[in-house]
Amino acid sequence: MDFKDTIKQVAERVAKLKDNLQTEEATKNALIMPFIQALGYDVFNPFEVMPEYTCDIGTKKGEKIDYAILKDNEPVILIECKHWAEKLNSHDNQLLRYYHVSCARFGVLTNGIEYRFYTDLEEPNKMDGKPFLVLNMLDLRDNQIEEVKQFHKSYFDVESIVNAASELKFMKGLKDIILAEMEAPSETLVRLFTKQVYSGVVTAKILEQFTDLTKRSFSQVISDIITDRFKNALNKETEKQTDEIPHVEIQSPTLAEEECKIITTEEEKEGYFIVRAMLRKYVDINRVAQRDTQSYFGILLDDNNRKPICRLYFNGGKKYIATFDENKKETKNLIESLDDLYKFEEPLASIIKFYDN
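Residues numbered from 1 in each chain as written. Predicted model: local features only at pLDDT ≥ 70, side-chain atom pairs only at ≥ 80, totals over all residues. Heavy atoms only, no water.

Some remarks on the pattern of salt bridges
Any two side chains of opposite charge can pair, so long as their charged atoms come close to each other.
Next, step 1: Tallied over the full model, the rule gives 23 salt bridges.
Next, step 2: Arg291 serves as the salt-bridge partner of Asp303, at 2.9 Å between the closest nitrogen and oxygen. Here the residue Asp303 occupies a position in the loop between strand E8 (297-301) and strand E9 (308-313), and Arg291 occupies one in strand E7 (residues 288-292), the gap between them amounting to 12 residues.
Next, step 3: In this structure Asp303 comes out as partly exposed when scored by relative accessible area, which is 40%.
Next, step 4: Given a relative accessible area of 32%, Arg291 falls into the partly exposed group. (Salt bridge = Lys/Arg side-chain N within 4 Å of Asp/Glu carboxyl O. Helix = DSSP H or I, 4+ residues; strand = E, 2+ residues; numbered from the N terminus. Buried < 20%, exposed > 50% of the residue type's maximum accessible area, 1.4 Å probe, protein only.)

As structure tokens, then:
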């Protein structure tokens, strides 16, 4: 089993057990120790993993951090643990104090669900105020798993991780800026873009107009990228299924005639891709299925007619998206363009959560 699969197994364990863990000690035993083991360390070998490692802080003697991962009898990673339900924002100062008096280059603050990785990029021997990497076990990302893999005993190299940490820190900063600009474009960015597409004088009114256009353009670009990726994936899957499925003659002419009347349009496909993209953070998108009919394009959970997520009515002069409440009551909502589908993320996520509960 490779590292990614091992981490995903630990993540499944976290989701399954967390609600039954009442104490910090239970969190450490059930969630955090398996994670340390997944990194290749023997949690029962004090020469590799030392629990309650002593970090004397000034006049305070006997101060202990939950775990220290050792190499050549020296700590290389300090791990401070909290109960899984605790927020970590108020506890980084505690890890910082331990880090300051230790020779370890890396500190980890965790509640068993979220792992925050720190080092000393800004000032030697002083832990940075912000982590260079954050891993959420309930929302795993493949690129983050690859970064965490560097902490595995088999690959651990201080200089390599520090170099990667520096890149991650700058990338995180850039991503934060990009996200902020997408949410609320700054005047500087709007002016930069406006001058490249508008030849007139950029007045306050023009600037206001282009601020809205810039924000909408960001959304459209992301939508187009997601749609293209889903289209490519769907086309590949369709080609694969076509190659694998032998030709079968249709036994029922009546059914064939009915199916021939159903035409799935490009707009319906794009709407389906947008809905899948919106829901990927709430459910495995492989569970979000499509089923076209003559009167509407249906999007279902688990390809189950009893679990409608929404319906797209795109065949008439006006476009509608129909959402459902817990009583399966359908509500049609008029939309002007496919971008308007993003406004309905909340009711779509709510009905999925209802079905899964």
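So much for the structure itself; the text now carries on.
Section: the sheet that holds strand E6 (residues 133-136)
Next, step 1: The strand order across the open sheet built from six strands is E1-E2-E3-E4-E5-E6, with neighbouring strands paired in mixed fashion. On the outer flanks of this sheet lie strand E1 (49-54) and E6, each paired with one strand and no other. Averaged over all adjacent pairs, the angle separating strand axes in this sheet is 25°, with direction ignored.
Next, step 2: One ladder, built from five bridges, connects strand E2 (residues 64-71) with strand E3 (residues 74-81); its direction is antiparallel. Bridge assignment links Ala68 to a residue of E3, and that residue is Leu78. (Pairing = 2+ DSSP bridges. Axes fitted to C-alpha atoms, helices over the stretch in contact; angles between N-to-C directions.)

Some remarks on the sheet that holds E9
Next, step 1: With respect to topology, five strands assemble into an open sheet ordered E7-E8-E9-E10-E11, the strand pairing being antiparallel. The open sheet terminates on both sides in strands that have one partner only, identified here as E7 and strand E11 (330-335). Sheet twist, expressed as the average angle between the axes of neighbouring strands with direction ignored, equals 20°.
Next, step 2: Relative to E8, E7 runs antiparallel, the two being bridged by five bridges. Each bridged residue has a counterpart across the sheet, and for Arg291 the counterpart in E8 is Gly298.
Next, step 3: Across the face of the sheet, helix H9 (residues 266-279) comes into contact with E7, E8, E9 and strand E10 (319-324) while running at roughly 160° to E7. (Contact = heavy atoms within 4.5 Å.)

Concerning the pairing of strand E4 (residues 106-110)
Next, step 1: The element E4 is largely enclosed, with a buried count of five among its five residues.
Next, step 2: Of the two faces of E4, the one holding Phe106, Val108 and Thr110 and the one holding Gly107 and Leu109 are both buried throughout.
Next, step 3: Between the parallel pair E3 and E4, the chain is carried across by helix H3 (residues 92-100), and the sense of this crossover is right-handed.
Next, step 4: Sheet topology note: the E4/strand E5 (residues 114-118) ladder contains four bridges and is antiparallel. The residue of E5 that forms the bridge with Val108 is Phe117. (Right-handed = clockwise from strand over helix to strand, strands pointing away.)

A word on the nonpolar core
The nonpolar side chains of a soluble globular protein tend to be buried with one another.
Next, step 1: One finds Phe35, Ile36, Ile77, Phe117, Phe132, Met137 and Phe151 to be the most contacted residues of the largest nonpolar core, which totals 41 residues.
Next, step 2: Broken down by element, this core gets its largest block of residues, seven residues, from helix H2 (residues 24-38).
Next, step 3: In this structure Ile77 touches Tyr67, Ala68, Ile69, Ala104, Phe106, Val108, Phe151 and Phe156, once residues within four positions along its chain are discounted.
Next, step 4: Of all hydrophobic cores here, the second largest spans 27 residues; its members include Ile285, Cys310, Ile335 and Leu341. (Core = buried A, V, L, I, M, F, W, Y, C linked by side-chain atoms within 4.5 Å.)

Here we look at the environment of Phe106
Next, step 1: Residue position: Phe106 is located in strand E4.
Next, step 2: Linking Phe106 and Val134, residues 28 residues apart in sequence, is a C-alpha distance of 13 Å.

A short note on the packing of helix H1 (residues 3-17) against H2
Next, step 1: Direction vectors running N to C along H1 and H2 enclose 180°, while the axes themselves pass 10 Å from each other. Here H1 is positioned roughly antiparallel relative to H2, judged by the angle of their axes. When H1 is examined against H2, the residues Phe3, Thr6, Ile7, Val10, Arg13, Val14 and Leu17 are found in contact with a partner set consisting of Ala30, Leu31, Pro34, Phe35 and Ala38.
Next, step 2: Class assignment for the residues of the contact of H1 with H2 results in 10 nonpolar, one polar and one charged. (Parallel < 35°, antiparallel > 145°, perpendicular 65-115°, else oblique. Nonpolar A, V, L, I, M, F, W, Y, C, P; charged D, E, K, R; others polar.)

A closer look at a nonpolar patch on the surface
Next, step 1: A cluster of nonpolar side chains, Leu174, Ile177 and Ile178, forms an exposed patch at the surface whose accessible area comes to about 300 Å².
Next, step 2: By the secondary structure assignment, Ile178 is in helix H5 (residues 158-183).
Next, step 3: Overall, Ile178 belongs to the partly exposed group, its relative accessible area being 48%. (Patch = residues over 30% accessible without salt bridge, like charges linked within 9 Å, V, L, I, M, F, W, Y side chains within 5 Å. Areas by Shrake-Rupley, 256 points an atom, 1.4 Å probe, with all protein chains shown as cover.)

Quick word on H1
Next, step 1: Between the first and last C-alpha of H1 there are 21 Å, a value that for 15 residues agrees with the 21 Å anticipated at 1.5 Å per step.
Next, step 2: Those residues of H1 that fall on the buried side of the exposure criterion are Phe3, Ile7, Val10, Ala11 and Val14. Looking straight down H1, one finds its buried side chains confined to an arc of 105°; they lie on one side. Summarising the geometry of H1, the exposed residues directed more than 90 degrees from the buried face are Glu12 and Lys16.
Next, step 3: Residues of H1 that are buried sit in contact with H2 and helix H4 (142-148). (Expected span 1.5 Å × (residues − 1). Arc of directions from axis to C-beta.)

Some thoughts on the pairing of E11
Next, step 1: Looking at chain direction, E10 and E11 are connected through six bridges and run antiparallel. Its bridge partner lying in E11, Thr323 is registered against Thr331.
Next, step 2: Two successive antiparallel strands, E10 and E11, enclose a turn made up of five residues, where Lys328 displays a positive phi of approximately 65°.

Side note on the confidence of the model for the protein chain
Next, step 1: On average, the protein chain scores 86 in pLDDT, and the residues at 70 or more come to 91%.
Next, step 2: Here helix H8 (residues 253-260) stands out as the least confident element of the protein chain, with mean pLDDT 51; H2 is the most confident, with 96. (pLDDT = per-residue confidence, 0-100.)

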